[in-house]
Amino acid sequence: MPFILEAPASETHAEQSRAEWTPGTDNTTPAPVPQITVAKGAPESQLPVGSRSRWRGLAGHSVLAVVALFCVFPVYWLFATSLRRPEDALSQNLIPWPLSLENYTYVLEAIPIVAMLVNTFLMASVMTFFQLLIAVLAAYGFAIWDFPGKRLAMFLFIGSWLVPFQVTMIPNYVLIANLGLLNTIAGVVIPNLASAFGVLMLLQHMRAFPRELIDAAKVDGRNSFLTLWQVVLPNMKPALAALASMMFISAWNDSLWPMLVLRQSDALIQVGIRGFLSAEGNDWGAVMAAAGLACLPVLAIYIFLQRYVVNAFIRSRIK
């Protein structure tokens, strides 16, 4: 009986592959996809990449949910306290019960809160407009032009941002008094017409703007002013909206400088809220009700500009 040698399976498969292959054609067959089975309770290192990504995403969202809860809770407590009865203002219950609108009624009768909100809105809008205008012009000049003393001017801008407000408070007050602007909205606005923070923020966006577009605008015959308003700014709407919202909120929440300049208690909402805090006692229910009403315009503006704010952070690679 003849002795027959059988080739290994791998060699037989290789010979069949060579026999079936013809030049000029792709007769390769895809390798079968292995089926991955993971036992229950396996450690994370043995899980597939997709499963690990899902678990990490779930953990990240859980952490963000906890952080968001901590951020939202003070706002909830503000409105919860404002909806309690005046005698229950210091209650520690999470749910205000029984609900009461007495604090809001008292605030509407005690102070002209509608006029205060209008005055504060006008003050914050004017301040935001001029701060944004000056920031756009200064950032465009620093980013596009080269001129003697450029580094020194940028250093002075940064230095003015680092100087605390308490250092410039008294000189500004003396200046406003000499100009005869005490007890006026103009006295609150004029010392805050420029913002070094706004210049530095827009400067980064101006430097990242494609120089090819600016050169093309100059070739088309546009001067620097038209290039700024017709080419640069339309492509920076997210950054401008984000900066405008931050400037508006900062001006809206400022209370120290308005209380120094204004002597009328019904000029701005910050001064009106401060009136419920006195040496005789603090009416916390009224304070929370007035603060809650003061939060509504800012909340509405932020909701309206939220999309632009998120786009600005994404474009500037801030996560």
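Residues numbered from 1 in each chain as written. Predicted model: local features only at pLDDT ≥ 70, side-chain atom pairs only at ≥ 80, totals over all residues. Heavy atoms only, no water.

## Here we look at unusual backbone geometry
Applied cut-off: Secondary structure counts use DSSP, requiring at least four H or I residues in a row for a helix and at least two E residues in a row for a strand, with both numbered from the N terminus.
The linkage connecting W97 with the following residue, P98, adopts the cis geometry, with an omega of 0 degrees. Mapped onto the elements of the fold, P98 is located in the loop between α2 (49-82) and α3 (102-110).

## So, helix α6 (residues 165-178)
The condition that has to hold: Multiply 1.5 Å by the residue count of a helix minus one, and that product is the helix's expected span.
With 14 residues, α6 ought to run about 20 Å at 1.5 Å a step, and its terminal C-alpha atoms sit 20 Å apart, in line with that. Once α6 finishes, G180 follows within two positions and takes phi at roughly 70 degrees, a positive value.

## What about the pattern of salt bridges?
The condition that has to hold: By definition, a salt bridge exists where a carboxyl oxygen of Asp or Glu is found within 4 Å of a side-chain nitrogen of Lys or Arg. We call a residue buried when its accessible area falls under 20% of the maximum for its residue type, exposed when it is over 50%, and partly exposed in between, using a 1.4 Å probe and counting protein chains only.
Evaluation of the coordinates by the stated rule reveals four salt bridges. Ionic pairing is found between K150 and D146, a salt bridge with its closest N-O pair at 3.3 Å. Looking at D146, the relative accessible area reads 71%, which means it is exposed. When salt bridges with common partners are traced through the structure, they connect R85, E87 and D88 into a single cluster.

## Structural notes on the nonpolar core
The condition is simple: Here, nonpolar core refers to any group of buried Ala, Val, Leu, Ile, Met, Phe, Trp, Tyr and Cys residues whose side-chain atoms link them within 4.5 Å. Whether two residues touch is decided by their heavy atoms; if any such pair falls within 4.5 Å, the residues are in contact.
One finds V107, V188, W252, I269, I273 and F276 to be the most contacted residues of the largest nonpolar core, which totals 35 residues. Looking at this core, the elements with two or more residues in it are α3, α4 (113-144), α6, α7 (185-189), α11 (237-253), α12 (256-261), α13 (269-274) and α14 (284-315). No other element matches α14, which puts seven residues into this core. Setting aside residues up to four positions removed in sequence, F276 forms contacts with Y106, V107, A110, I111, G281, N282, D283, A286, V287 and A290. Counting 29 residues, the second-largest nonpolar core is a separate cluster that includes L132, V231, V232 and A239.

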